[in-house]
Amino acid sequence: EQDAPVFETGFDDPANYPVGEEERQNYLFENGKLTVVSMGEEHRSIAIVDGLAVESYAVEFLVNLKQTSPDGHCFYISDNIHTDDTDRRTISPYLHAAQSLGLGYFDFSQKDRDIASIHVENVSGDKVIRFILVGDLAAAFLDGELVYTVRIPGGSDVYQEPRLGGNMGVTCEFDDFKLWDLSSLSTAP
């Protein structure tokens with residue numbers, strides 16, 4: 001039996017996700033869905049859960065790449081608990097318009113890089129992404145099919161500030177976001 005998520009939302013109440021007046025055109029809440037609009041090279045993301053920090057977790061959400069440039073991508077992103085940029089690490093599974101499901105990684109010493117990027121046949125329409133992180137092991141599923149597994153450089157960490165967003169000229173529609181705390185799991189043999 002699957003445990004209940006520690007957080008889930010269908011984006012039915014926009015009041016849970018306050019945005020500034022100047023950003024309203026970039027974050028739309030309609031028909032129980034969150035739409036994030038990125039123009040040109042803009043990076044847009046919105047916090048989904050406040051006050052939650054976990055080392056091992058799973059997230060699942062429905063995403064639809066609506067209008068996109070060739071470089072457009074929709075993503076989930078989370079930062080580690082850090083004191084300044086020198087110890088900041090970020091992980092970000094994404095669905096790219098160029099038919100790939102990938103995992104972006106950022107740290108101060110090596111900046112941004114993809115640590116996984118796998119070609120997928122079809123990125124149009126509603127897609128369900130599930131990303132699982134247990135310690136330093138990550139796995140991603142697209143519509144229930146395993147797409148990649150990878151080790152996170154630098155080992156495990158505690159991640160916080162989960163956000164959903166879009167980058168590089170894209171309209172991303174999100175729904176049915178769920179997050180499970182998997183801290184009780186271990187990667188030890």
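This text gives an overview of the structure that appears in the document. Please read all numbers here as calculations on a predicted model, not as lab measurements.

**Some remarks on the overall build of the protein**
- For the protein, the count of helices and strands is zero helices and 15 strands.
- Here the C-alpha radius of gyration of the protein, 16 Å, is about what a compact globule of 189 residues would show, namely 16 Å.
- Principal axes of the C-alpha set define a box for the protein whose edges measure 45 × 40 × 35 Å.
- Classification of the 189 residues of the protein by burial places 49% in the buried group.
- The contacts of the protein with a sequence gap of at least 6 include a subset with a gap of at least 24, amounting to 63%.
- Carbon together with sulfur atoms contributes 47% to the accessible area of the protein, which is approximately 9,400 Å² in total.
- Computing the positive centroid from 13 side-chain charges and the negative centroid from 33, the protein places the two 3 Å apart.

**Side note on the pairing of strand β8 (residues 89-96)**
- For β8, a buried count of eight out of eight residues is recorded, marking the element as mostly surrounded by other parts of the structure.
- Along β8, one buried face is formed by Arg-89, Ile-91, Pro-93 and Leu-95 and the opposite face, lined by Thr-90, Ser-92, Tyr-94 and His-96, is buried too.
- Across five bridges, the pairing between strand β7 (residues 73-80) and β8 is antiparallel. When the bridges of β8 are listed, Cys-74 appears paired with Leu-95.
- Where β8 lies against strand β9 (residues 100-107), eight bridges are found, and the strand directions are antiparallel. Each residue of the ladder has a partner; that of Tyr-94, found in β9, is Gly-102.

**Some thoughts on the state of the cysteines**
- A complete count under the given rule lists one disulfide for this structure.
- A disulfide bridge connects Cys-74 with Cys-172, and the sulfur atoms are separated by 2.1 Å. On the sign convention where negative means left-handed, the S-S torsion of about -95° between Cys-74 and Cys-172 marks this disulfide as left-handed. Here Cys-172 lies in strand β15 (residues 170-181) and Cys-74 lies in strand β7, a separation of 98 residues in the sequence.

**Quick notes on the environment of Asp-176**
- With respect to the helices and strands, the residue Asp-176 is situated in strand β15.
- Owing to a relative accessible area of 39%, Asp-176 belongs among the partly exposed residues under this scheme.
- Taking the C-alpha atoms as reference points, Asp-176 and Tyr-159, 17 residues apart in sequence, are found 21 Å from one another.
- Apart from the residues lying within four places of it in its own chain, the contact partners of Asp-176 are Thr-9, Gly-10, Phe-11, Glu-60, Phe-61 and Leu-62.

Parameters at a glance
Numbering of residues begins from 1 in every chain and follows the order in which that chain's sequence is written. Whole-chain, interface and lining totals are the exception, using all residues; otherwise, since this is a predicted model, local features are given only for residues with pLDDT of at least 70 and side-chain atom pairs are given and counted only at 80 or more. Derived side-chain values reflect all non-hydrogen atoms in the structure, with water molecules and hydrogen atoms excluded from consideration. Only runs of H or I of at least four residues qualify as helices and only runs of E of at least two qualify as strands under DSSP, and these elements are numbered from the N terminus. Values of the radius of gyration come from C-alpha atoms, whereas the globule rule sets the reference at 2.2 Å times the count of residues to the power 0.38. Each residue is placed in one exposure class: buried if its accessible area under a 1.4 Å probe, protein chains only, is under 20% of its type's maximum, exposed if it is over 50%, and partly exposed if it falls in between. Note on contacts: a residue pair is in contact if any heavy atoms of the two residues lie within 4.5 Å. Per-residue and other accessible areas follow the Shrake-Rupley method at a 1.4 Å probe size, with only the shown protein chains counted as cover for residues. Neither His nor the chain ends is counted toward charge; the positive residues are Lys and Arg and the negative residues Asp and Glu. Charge positions are represented by NZ for Lys, CZ for Arg, CG for Asp and CD for Glu. For two strands to be treated as a pair, DSSP must find at least two bridges joining them. Note on terminology: disulfide denotes any pair of cysteine sulfur atoms within 2.5 Å.

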